[in-house]
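Single-letter residue listing:
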Amino acid sequence: MQQTTHPNRKIIPINHKAEELILRKPEHIVMPNGIDLYLIEAGLEDVTRIDIIVGAGSVYQQKKLCASFTNQLLKEGTKTYSSIQIAEKLDFYGAFLSASVNKDKSVITLFSLSKHLVKLLPLLKSIVTEAKFPTNEFRIHLDRNRQEYLVNSEKARYIASREFNTLIFGKGTAYGQNLQIDDFDHITIDDLKMFYKSLYQPKNSYIIVSGRPDNESKQLINKLFGEEWHSSDIKTIKPENIISSQFTGEKIIKKDKFLQSAIRIGKNTITKFDDDYNKLLFTNTILGGYFGSRLMSNLREDKGMTYGISSFVSNFLHGSYFAIATEVNIEQTTAALQEIKKEINILQNEKTDEDEIRLVKNYIYGTFLKNFDGAFALAEMFQSVNDFGLDFDFFSKSLKEIMDITAEDILVTAQNHFDLNDMATLVVGNINEDI
Amino acid sequence: MIEFEKTTLDNGLKVIVHRDKSTPIVAMNIIYKVGSRDESPDKTGFAHLFEHLMFGGSVNIPKYDEPLQNAGGENNAFTNNDFTDYYLTLPKNNIETAFWLESDRMLSLAFSEKSLEVQRSVVIEEFKQNYLNQPYGDIYLLLKPLAFKKHPYRWNTIGKEISHIENATMQDVKSFYNKFYNPNNAILSIVGNVNPDEIYKLAEKWFGGIKSGDSINKSYAEEPNQNMDRELTVERPVPQNAIYMAWHMDKRNSLGFYAADLISDILSNGDSSRLYIRLVKEKIMFSDINAYVSGDLDKGLFIVSGKLINGTTVQEAEDAIDEELNKISVDLVSEEELQKVKNKIESGMIFSKLSILNKAMNLGYYEMMENAFLLEKENEKYKSVSRQILMQKAEEIFASGKKNKLIYLAKN
């Protein structure tokens, strides 16, 4: 059929009637040993994801590297399986195991085709409950990580992230830890074993199962993790000295041979529980939370100073911070700092126009739809709030509040929460005074 | 099974639709069959520069990103040797916004001088940041011309040199656009909870009026057979010595490709793979080692790359790799090992179906290769590779006189 007339290309065809975001809550099961299991059954493919979340983040460690090494070495050998046996079995069934750790939690995740899950569950149980930390694997892991640390020590971005963390949370605190090269000489296998014995227990963990697990798998999960896994008498470590005071002012780590400066600007901020939290998130999005943000439009699209600049809010169980992060052409460091300050000032003093507010609301709505699309995405979003004792109601409420935000809200929020006098400004590179 | 429907508009545009009822989002993917292999040797980097220009405004729409953000969507693009791919996702109720945006920039770009200037600078910055100033960033700038002497794969997508991009004129850019950015050179695929008939109506409405371009003669200079090993050594400010080796292999749409891909998986896919176990864990010679295939539509490359632990000499490193390649060329792999990598491939395909964007891209990609119906046949092709075929293919690829070796030495 030959098209003979052109459509009107000057007018955007757009439908502002948004689809309602329906978030089905996971099924909550308390297993015989008291451990909480959350089940999210959704999707078209016969795949299953299992997340085991343990309160074994870096906040609990006495020595640096302890939490991360414990987490990463779980799959390198257990009482029942050697490192190579674990690798062979996972690979043979096309399964993937990932392990990650943050300040508060250690997470072990298994992705498997549902039809093979029953064969892999005993392996997963062994990894989580009877890891052995073999000497050879520890040594190889230590060397590789030391090497990686050395390589990263030459990158502005890594130096900045580590240093900024300490500036925000305080030197010598559990949250403010800053890894040094010597730390690689002090960590031992015994440290890992003690950490593991103390924290990797059912009373300190919960489980999320998502996708389409079959009935046999569900029963086996209940048996292995809900009946045959027991907490010991060992008391879990209580973290101490988590946060002290934040550094305020400017700090420069001079690296004048670098081609880029890394810039980090930020401060301690409110948590998810605060009434203003969603206003902060929204205002943050306008400032630097998406590709069309004020910071991106200025520093990248207009001035070409950087490949990327963003701002964000990071939440942890015991604190949170707001930060702006970028790497800029080193010759333009001073100019970049000026432009960032300028954008914050504008947000604090000039009302955002309705078109921009509407665009950001629509954009955020789209990201909500995307973030909750599919069983695995739901598992991740659930984990992000469950740790705080919240559930999906938090997101429904957030979306509603965001849609009601006004220009006045943005002004007030920027004034209250983006005060540069309260911030730490870190530059790793060089400030060129002659510009 | 990914069930889909396909149609072709009168102007040659292929439209593929797969209905996925489980999601509130729609993915749209559009492939233009133009990559760096379509450039002329004195004007390289154009396909990639063009990808940037596509965001600089089209004839009726001054900015691409804003209307899409207003519709709750996100987008990105990439260019490689063979094609340029634009993709976006957005809430289903705004699918027509996507049609409006993509059809307008196929119809005509704004071609402003400012846009050309800005994007030229951005691409030059990208060249510097990702290729010249990044540790190990210029590997392919060195390896490709070593391995290819005649075929256009000899230059990298970013361009052979910065001056080609610096010298690009508005006329060059317009000619490139008129030649390649036409409906008969494009494939549109859509995945979401959409009705194929409605999608066809939208495709006809927005794309139907765009004229097709001249058909393109897709022939590329034949790369002569390699008969002698080639070697290049460079020094760079990096912390570790590295070694990169490349051999020629079959084109993407051939049974030989599947055998080669399985070889690369046996060598380095997963923690139980040969190179990882022997050379990283047992012999502790490398901190990283990888074997992979380039996946080019024309005859591409099989590559092995490794970063040496301080203390391993380059000769030791090369000998260790050669030993493994020799083993796989003369000894049949075990049934279990072959089954393992086939299982991983099958599993990977199933996991990839979880993403509507992956599905949309794959449908477009296979249609470009030959036919979107081939997507479902992929697993069978991998399964059909026997231990004998695999060994013969290894012997063929790693034969003497076929090696291209780049030694990347740490300065100081």
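The following paragraphs examine the structure supplied in this document.

Further remarks concern the overall build of chain A. Across its full length, chain A holds 15 helices and eleven strands. Here the C-alpha atoms of chain A give a radius of gyration of 24 Å, agreeing with the 22 Å that 2.2 N^0.38 yields for 435 residues. Overall, the C-alpha framework of chain A stretches about 65 × 65 × 45 Å when taken along its three principal axes. Here chain A, with 435 residues, has 57% of them falling under the buried criterion.

The next subject is the pairing of strand S6 (residues 205-211) of chain A. Within a regular beta strand, the side chains point alternately toward one face of the sheet and then the other, so they alternate between its two faces. All names here are of chain A. The buried count for S6 comes to seven of seven residues, which makes it a mostly enclosed element. The alternating pattern of S6 places Ser205, Ile207, Val209 and Gly211 and Tyr206, Ile208 and Ser210 on opposite faces, both of which are buried. Here six bridges tie strand S2 (residues 36-41) to S6, and the two strands are oriented parallel to one another. In the sheet register, Asp36 faces S6, and the bridge partner there is Tyr206. Relative to S6, strand S3 (residues 47-54) is paired through seven bridges, and the arrangement is antiparallel. Looking at S6, one finds that Val54 is bridged to Ser205.

Attention now moves to the pairing of strand S6 (residues 186-192) of chain B. All names here are of chain B. Most of S6 is tucked away, with seven of its seven residues classed as buried. Residues Ala186, Leu188, Ile190 and Gly192 line one face of S6 and the alternating positions Ile187, Ser189 and Val191 line the opposite face, and both faces are buried. In this structure, strand S2 (residues 14-19) lies alongside S6, joined through six bridges in parallel fashion. For Arg19, the partnering residue across the bridge sits in S6 and is Gly192. Two elements, strand S3 (residues 25-32) and S6, share six bridges in a ladder whose sense is antiparallel. Pairing of Tyr32 across the sheet is with Ala186, part of S6.

Every contact between the two is made by 57 residues of chain A and, on the other side, 64 residues of chain B. Here chain A and chain B share an interface that buries about 5500 Å² over both sides, 56% of which is from carbon and sulfur atoms. Applying the counting rule to chain A against chain B returns seven salt bridges. Salt-bridge contacts for Glu137(A) lead to Lys281(B); the nearest nitrogen and oxygen are separated by 3.1 Å. Joining chain A to chain B, the criterion identifies 21 residue pairs in polar contact (both at pLDDT 80 or more). Looking at the side of chain A that touches chain B, the elements with two or more residues in it are helix H2 (83-92), strand S5 (106-113), helix H4 (135-152) and helix H12 (354-371) of chain A. Counting residues per element, the side of chain A that touches chain B draws most heavily on H12(A), which supplies nine residues. Its residues assigned to classes, the side of chain A that touches chain B comprises 26 nonpolar, 15 polar and 16 charged.

Moving on, we come to helix H13 (residues 356-369) of chain B. The end-to-end C-alpha separation of H13(B) is 20 Å, in line with the 20 Å expected for 14 residues at 1.5 Å each. Where burial is concerned, most of H13(B) is hidden: twelve out of the 14 residues are buried.

This next bit is on the pattern of salt bridges. Tallying each qualifying case throughout the model produces 53 salt bridges over all chains. The shortest N-O distance in the salt bridge between Arg236(B) and Asp138(B) comes to 2.7 Å. Of this pair, Arg236(B) sits in strand S7 (residues 230-236) while Asp138(B) sits in the loop between helix H4 (113-132) and helix H5 (139-147), and the two are 98 residues apart along the sequence. According to the relative accessible area criterion, Asp138(B) is buried, its value standing at 9%. Among the ionic pairs, Lys405(B) bridges to Glu231(B), the shortest N-O distance being 3.2 Å. Remark: Glu231(B) occurs in strand S7 and Lys405(B) occurs in strand S11 (residues 404-410); sequence separation between them is 174 residues. Judged by its relative accessible area of 9%, Lys405(B) falls in the buried class. What you see here is one network of salt bridges that share partners, running through Lys75(A), Glu76(A), Glu137(A), Asp271(B) and Lys281(B).

Let us now look at the sheet that holds strand S9 (residues 306-316) of chain A. All names here are of chain A. The strand order across the open sheet formed by five strands is S7-S11-S8-S10-S9, and the pairing between neighbours is mixed. Edge positions in the sheet fall to strand S7 (249-254) and S9, since each has one partner strand and no second. Neighbour-to-neighbour, the strand axes of this sheet turn through a mean angle of 15°, independent of strand direction. In terms of strand pairing, S9 meets strand S10 (residues 319-329) through nine bridges, oriented antiparallel. Across the sheet, residue Phe312 finds its bridge partner in S10, namely Ala323. In this fold helix H11 (residues 333-349) packs onto S7, strand S8 (260-268), S9, S10 and strand S11 (424-429), with an angle of close to 30° to the strand it touches most, S8.

Turning our attention to a positive patch on the surface. Residues and elements named next belong to chain A. Together, Lys79, Lys132, Lys193 and Lys197 make up a positively charged patch on the protein surface. Looking at where Lys132 falls in the secondary structure, it is placed in the loop between helix H3 (117-129) and H4. In this structure Lys132 comes out as partly exposed when scored by relative accessible area, which is 46%.

This brings us to the side chain of Asn204(A). Residue and element names in this part refer to chain A. Among the secondary structure elements, Asn204 is positioned in the loop between helix H7 (189-199) and S6. One polar contact links the side chain of Asn204 to the main-chain carbonyl oxygen of Gly55, over a distance of 2.9 Å. At 3.0 Å, the side chain of Asn204 and the backbone oxygen of Leu199 are in polar contact. With residues up to four places along the chain from it excluded, the contact list for Asn204 reads Ile53, Val54, Gly55, Leu199 and Thr236.

The periodicity of an α-helix, 3.6 residues per turn, causes residues three or four places apart in sequence to face the same way. Residue and element names in this part refer to chain A. Between the first and last C-alpha of H3 there are 18 Å, a value that for 13 residues agrees with the 18 Å anticipated at 1.5 Å per step. Within the sequence span of H3, burial applies to Leu117, Leu120, Leu121, Leu123, Leu124, Lys125, Ser126, Ile127 and Val128. In the core, the buried residues of H3 are packed alongside S3, H2, strand S4 (96-101), S5, H7 and helix H8 (215-227).

All names here are of chain B. For the pair helix H9 (residues 255-268) and helix H12 (residues 335-352), the least separation of the axes is 10 Å and the interaxial angle reads 105°. Judged on the interaxial angle alone, H12 and H9 are roughly perpendicular. On H12, the residues that touch Asp261, Leu262, Asp265 and Ile266 of H9 are Glu337, Leu338, Val341, Lys342 and Ile345.

All names here are of chain A. At a minimum axis distance of 10 Å, the contact between H3 and H8 shows a crossing angle of 15°. One way to sum up the angle between H3 and H8 is to call them roughly parallel. Seen from above, H3 lies across H8 with right-handed handedness. Residues Leu117, Val118, Leu121, Pro122, Leu124 and Lys125 of H3 touch H8, and the partners they reach there are Glu216, Ser217, Leu220, Ile221, Leu224 and Phe225. Of the residues that constitute the contact of H3 with H8, the class distribution is nine nonpolar, one polar and two charged.

A separate point is the environment of Val209(A). Residues and elements named next belong to chain A. Within the secondary structure layout, Val209 lies in strand S6. In this structure Val209 comes out as buried when scored by relative accessible area, which is 2%. Along the backbone, Val209 and Ala336 are 127 residues apart, and their C-alpha atoms lie at a distance of 45 Å. Those residues in contact with Val209 that sit more than four places away from it in its chain are Leu37, Tyr38, Leu39, Ile40, Thr48, Arg49, Ile50 and Ile221.

Here is what the cut-offs are and how they apply
- For every chain, the first residue of the written sequence is number 1, and numbering continues from 1 along that sequence.
- Here the convention is simple: chains get letters from A, ligands get numbers from 1, in the order in which they are written.
- Residue-level local features of this predicted model are given only where pLDDT is at least 70; pairs of side-chain atoms are given and counted only at 80 or more, and the full residue set underlies all totals for whole chains, interfaces and linings.
- The side-chain values count all of the structure's non-hydrogen atoms but skip hydrogen atoms and water molecules.
- Elements are defined by DSSP. Helices are runs of H or I of four residues or more, strands are runs of E of two residues or more, and each kind is numbered from the N terminus.
- Note on method: radius of gyration uses C-alpha positions; expected globular size equals 2.2 Å times residues raised to 0.38.
- With a 1.4 Å probe rolled over the protein chains alone, any residue whose accessible area is under 20% of its type maximum counts as buried; one over 50% counts as exposed, and the rest are partly exposed.
- Strand pairing requires that DSSP identify at least two bridges connecting the strands.
- Note on contacts: a residue pair qualifies if any of its non-hydrogen atoms lie within 4.5 Å across the two residues.
- Buried area adds together the accessible area that both of two parts lose upon being put together, with accessible area traced by a 1.4 Å probe.
- In what follows, salt bridge is the name for a side-chain nitrogen of Lys or Arg lying within 4 Å of a carboxyl oxygen of Asp or Glu.
- Contacts described as polar in this section are N or O atom pairs within 3.5 Å, which, within protein, must combine one atom able to donate a hydrogen with one able to accept it, while residues neighboring in sequence count only if both atoms come from side chains.
- Residues are grouped as follows: Ala, Val, Leu, Ile, Met, Phe, Trp, Tyr, Cys and Pro are nonpolar; Asp, Glu, Lys and Arg are charged; every other residue, Gly included, is polar.
- Between the first and last residue of a helix there are one fewer steps than residues, each counted as 1.5 Å, and that sum is the expected span.
- What counts as an axis is a line fitted to C-alpha atoms, over the stretch in contact for a helix, and the angles between N-to-C directions run from 0 to 180 degrees.
- Exposure above 30% relative accessible area and the lack of any salt bridge qualify a residue for a patch; like charges then connect within 9 Å, and the nonpolar side chains Val, Leu, Ile, Met, Phe, Trp and Tyr within 5 Å.
- Using the Shrake-Rupley algorithm and a 1.4 Å probe, accessible areas are obtained, with residue cover drawn only from the displayed protein chains.
- In this tally, Asp and Glu contribute negative charge and Lys and Arg positive charge; neither His nor the terminal groups of the chain are included.
- Where a charge sits is defined by one atom per residue type, namely NZ (Lys), CZ (Arg), CG (Asp) or CD (Glu).
- Small angles under 35 degrees read as roughly parallel and large ones over 145 as roughly antiparallel, with 65 to 115 read as roughly perpendicular and the rest as oblique.
- For any helix crossing, the convention is left-handed if the near helix is rotated counterclockwise from the far helix by under a right angle, and right-handed if that rotation is clockwise.

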